[in-house]
Each structure stands twice: as C-alpha cells, then as structure tokens.
Amino acid sequence: MGVVETGVKKRRGSRTPPEESPAAIRAPHPRHLVVIRALVKDALMTHVEPMDPHEAFAELGRIRLADVDIDALLEKIALLAKRTIPGASEVSVTLLHGNKPQTAAFTGELARALDEKQYERGYGPCLQAAESTSSLIVPDTGTEQRWPGWAQTAAQAGAHSSLSVGLPVHEHVTGALNIYATTPDAFDDDAIAIAQTFAGFAAVGLANAHLYETQATLAGHMQKAMENRAVIEQAKGIIMGERRCTPEQAFAILSKMSQDSNRKVRDVASAMVENTRRPQP
C-alpha cells in the first residue's frame, strides 16, 4: 500500500485546501456539532466483537460473488474492518468515479457525516487517499494542519484521529477505506499494517465483483440477443409458410412491417408468434 503520509507536505494534484489564516477558518455551526456529537455518543455505545485479522481476511476470500451484489459486499467490508482494525470506532468506504465521490458503505452516521464534510469542502484525507491509492493518517485532528477546516470539525465532533487507505478498484474507479477513532493517536504501526492488508483483500474483492457484474451484464445481453434471434426466426418461418417465400424475403417482409408500425423487428416478430399460438375461434 505504500508509505503512510503523516506530515504537512503537500503533494502535487492532491486535494488540499487554499491557504487560510486561522481566523479565516469558520467554526462549525453549533447545531451541526450537536448532531455529530450525538453520533459519536451512539458510536461509542455500539459494541462489536473484535475479530482476528486472519479470520477477517479468510472471510473476505470466502465471499461468493454469485451470492452478493456490490452493495452487500461494500457493507460487509465496512463491518469487518470495524471489527478487525485496532482503534476503529467507525468505518466507511469512499468510492471515487471521475471527480464524483460518494460514501458507498458506512458502519455509523459519524463516518458518513465526516466523509460528507470532505466532499463539501473538496479536500480531506479520504479524498486524497482515494485519488492516490495511498495511506493517509491523521494522528490528532486537534493539531492537524493539512486540512484545517475539516480537521477542526472532526475534532470538535469527537473524532480525534483517522486513517484512510486507498482502494484500487478499477481503471476508472478508485476508493478509500476510512477508519475513524474517538481518541488521538489511535492507530499504531500494527494497526496501520492490518488496515493496509485488509484494504488489499477488500480491493481484490471489489475488483472481482466489478468484473463479475460486468460479465453477468454481458451474458444477460447475449442471452437476450439469442432470445430475440429465436423469435425472429420463428416469425420468419410463419411468413414463409403463409407466403411461400424464401428466408430473405420473409425477413424483408418482417422489416417492412416493423417500419410501417414503427416498432422493433423483435416486437413485431414476438406479436406474430404469439398470435399464431392463440387458439383460433
């Protein structure tokens, strides 16, 4: 997964905020803080049983793509990460398609709310991790300088550290596994290593799911095309029997009927076959 970034040095092309003086950073609205603090309280009250990392990796590997869709897989990834990564209070998964980020799965409203704050501002650790598919840690949101506006909101809400690990899902889709903690310095080297390994397994699963859905869609289109061809051949046979014509002439007649009625050839053929099957009065 690469080197974890913790410093304040800016990367070319990264989503970093414009230069702001401390006085220019607006404090979050008190009503927003009340809502997010309530979310933190809910997160602290939600107990989940810890899970051995090797067990979690094995469970990710056992997921049968034929049994779950991408949404269910994303939810599974978030829940397993929360149970597996030491220090995690809430977890979310950001997907970035082009320049459009979205939180595709989350274990609690706190994670979703802090993701959304980054999307609104256009910068933050989860966005930069998704863009660069690297790992970014915020040891203490109270002293974080790279994303000051967002960090201030997170600290006042009770999320005091975070870890975002990039997910290379597809050529045109990347993402990030975002882990939020309610204490500063929640993620030591072991926690970071587990998060990066977990993200590697998750990225493979998501890439395979994307490929599976693409192939399933293609197979569906091919099946539909075969069904269309079959009904058209049946309609041609009906026309040939009635008109005593060749297959080419039958298809020309079918095409003319399609043009005259402003309907697809397949629909005209299907109606003809259906009418033939109906018992005559």
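Remember, predicted model here, so these are calculated numbers, not experimental data.

**Considerations on the overall build of the chain**
And then number 1: Regarding its fold elements, the chain presents nine helices and six strands.
And then number 2: Per-residue burial for the chain yields a buried fraction of 43% across its 281 residues.
And then number 3: In the chain, the proportion of contacts linking residues at least 24 apart, taken out of those at least 6 apart, comes to 64%.
And then number 4: Here the chain displays about 15,600 Å² of accessible surface, and carbon together with sulfur accounts for 54% of that area.

**Points about helix 2 (residues 53-62)**
And then number 1: Residues of helix 2 that are buried include every one of Pro53, Ala56, Phe57, Glu59 and Leu60, and no others. Viewed end-on, helix 2 has its buried residues packed into an arc of 160°, placing them on one side of the element. In helix 2, the exposed residues that point more than 90 degrees away from the buried face are His54, Gly61 and Arg62.

**Some points on the nonpolar core**
And then number 1: Judged by nonpolar contacts, the single largest core of 38 residues is most densely connected at Ile77, Leu167, Leu177, Ile179, Phe187 and Phe198.
And then number 2: Mapped onto this core, the elements with two or more residues apiece are helix 2, helix 3 (70-84), strand 2 (90-97), strand 5 (161-168), strand 6 (173-181) and helix 7 (189-243).
And then number 3: If we ignore the near neighbours within four places in the chain, the residues touching Ile179 are Ile85, Ala88, Glu90, Val91, Ser161, Ser162, Leu163, Phe187 and Ala195.
And then number 4: Leu96, Leu114, Ala154 and Tyr180 belong to the second largest nonpolar core, which has 16 residues in total.

**Some remarks on the environment of Ala113**
And then number 1: Secondary-structure assignment places Ala113 in helix 4 (residues 109-121).
And then number 2: What makes Ala113 buried here is its relative accessible area of 11%.
And then number 3: When the C-alpha atoms of Ala113 and Thr103 are compared, they prove to be 9.6 Å apart, with 10 residues separating the residues in sequence.

**Details of the confidence of the model for the chain**
And then number 1: In the predicted model, the chain carries a mean pLDDT of 80, and the fraction of residues at 70 or more is 74%.
And then number 2: When the elements of the chain are averaged for pLDDT, helix 1 (residues 30-45) gives the smallest value, 50, and strand 4 (residues 135-138) the largest, 96.
And then number 3: In this model, residues 8-13 is a region of pLDDT below 50 whose contacts with residues beyond four sequence positions or in other chains number 10 contacts.
And then number 4: The model gives residues 41-46 a pLDDT under 50, and that stretch makes three contacts with residues more than four places away or in other chains.

**Looking at the side chain of Asn178**
And then number 1: Inspection of the secondary structure assignment puts Asn178 in strand 6.
And then number 2: Among the polar contacts listed, one links the side chain of Asn178 to the side chain of Thr94, at a separation of 2.9 Å.
And then number 3: Only 2.9 Å separates the side chain of Asn178 from the side chain of Ser164, close enough to count as a polar contact.
And then number 4: Asn178 has contacts with Glu90, Val91, Ser92, Val93, Thr94, Asp115, Cys126, Leu163 and Ser164, leaving out every residue within four places of it along the chain.

Parameters and conventions
- Residues numbered from 1 in each chain as written.
- Predicted model: local features only at pLDDT ≥ 70, side-chain atom pairs only at ≥ 80, totals over all residues.
- Heavy atoms only, no water.
- Helix = DSSP H or I, 4+ residues; strand = E, 2+ residues; numbered from the N terminus.
- Buried < 20%, exposed > 50% of the residue type's maximum accessible area, 1.4 Å probe, protein only.
- Contact = heavy atoms within 4.5 Å.
- Areas by Shrake-Rupley, 256 points an atom, 1.4 Å probe, with all protein chains shown as cover.
- Arc of directions from axis to C-beta.
- Core = buried A, V, L, I, M, F, W, Y, C linked by side-chain atoms within 4.5 Å.
- pLDDT = per-residue confidence, 0-100.
- Polar contact = N/O pair within 3.5 Å; in protein donor to acceptor, adjacent residues only side chain to side chain.

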